[in-house]
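For reference, the chains in residue letters:
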Amino acid sequence: MAIPSIVTAIPKRRYQYGEFNITLLTEITSHDPIAYLYIAAVLQEGKTAPEVYITCEPISGQDSDSYKIRVLSADQEHTVNEGSQWGKEQAFCDFALQGVAQMFELSDEKPILLG
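Conventions and cut-offs
Residues numbered from 1 in each chain as written. Predicted model: local features only at pLDDT ≥ 70, side-chain atom pairs only at ≥ 80, totals over all residues. Heavy atoms only, no water. Buried < 20%, exposed > 50% of the residue type's maximum accessible area, 1.4 Å probe, protein only. Helix = DSSP H or I, 4+ residues; strand = E, 2+ residues; numbered from the N terminus. Pairing = 2+ DSSP bridges. Core = buried A, V, L, I, M, F, W, Y, C linked by side-chain atoms within 4.5 Å. Contact = heavy atoms within 4.5 Å. Patch = residues over 30% accessible without salt bridge, like charges linked within 9 Å, V, L, I, M, F, W, Y side chains within 5 Å. Areas by Shrake-Rupley, 256 points an atom, 1.4 Å probe, with all protein chains shown as cover. Salt bridge = Lys/Arg side-chain N within 4 Å of Asp/Glu carboxyl O. Lys, Arg positive; Asp, Glu negative; His and termini not counted. Charge placed at Lys NZ, Arg CZ, Asp CG, Glu CD.

A few points about the pairing of strand β5 (residues 67–72)
Counting buried residues along β5, five of its six residues qualify, which places the element largely inside the surrounding structure. Where strand β4 (residues 52–58) meets β5, six bridges bridge the pair, whose relative direction is antiparallel. Residue pairing in the sheet places Tyr53 in a bridge with Leu72 of β5. Sheet analysis places β5 next to strand β6 (residues 77–83), joined by six bridges and oriented antiparallel.

Right, dumping it as structure tokens:
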């Protein structure tokens, strides 16, 4: 199972993007052996649990400003990018929203910041 095992997290921003609600989580603790900096949880309307998580994780063994972005679902996980820019909240949010648009073919939709 690839989805994060979140114990606590602070919801920092919420977006409505077509039929999806995306919540940016920060200050995350989990049962996973991974230190998450950010997680974007993607919940489709009518569902009770997110089906996709986009994570930002420090890369261990490299300089402290290096992060990787992974896309996680119940049966898959993929590393999609790495770099120092992902440690910045806005850069991560923009990248995650672009990923949601691509994954769910939201070409005519625009993300709306809810709070």
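On we go from here.
Quick word on the nonpolar core
Grouped together as the largest cluster of nonpolar side chains are 22 residues, with contacts concentrated most on Tyr17, Ile22, Ile54, Phe92 and Val100. For this core, the elements supplying multiple residues, two or more each, are β1 (6–17), β2 (20–30), β3 (38–44), β4, β5 and α1 (89–103). For this core, the element with the highest residue contribution is α1, accounting for six residues. Apart from residues lying up to four places away in sequence, Ile54 is in contact with Tyr38, Ile39, Ala40, Ile69, Arg70, Val71, Phe92, Ala96, Val100 and Met103. With seven residues, the next largest nonpolar core counts Tyr36, Ile39, Tyr53 and Leu72 among its residues.

So, the pairing of β2
In this structure, β1 lies alongside β2, joined through nine bridges in antiparallel fashion. When the bridges of β2 are listed, Tyr15 appears paired with Ile22. Count of turn residues in the β1/β2 antiparallel hairpin: two residues, of which Gly18 carries a positive phi of about 60°. Pairing between β2 and β3: six bridges, direction antiparallel. In the strand pairing of β3, Leu25 is matched with Ile39.

Re a negative patch on the surface
A surface patch of negative charge is lined by Glu19, Glu45, Asp108 and Glu109. Position of Glu19 among the secondary structure elements: in the loop between β1 and β2. Overall, Glu19 belongs to the partly exposed group, its relative accessible area being 40%.

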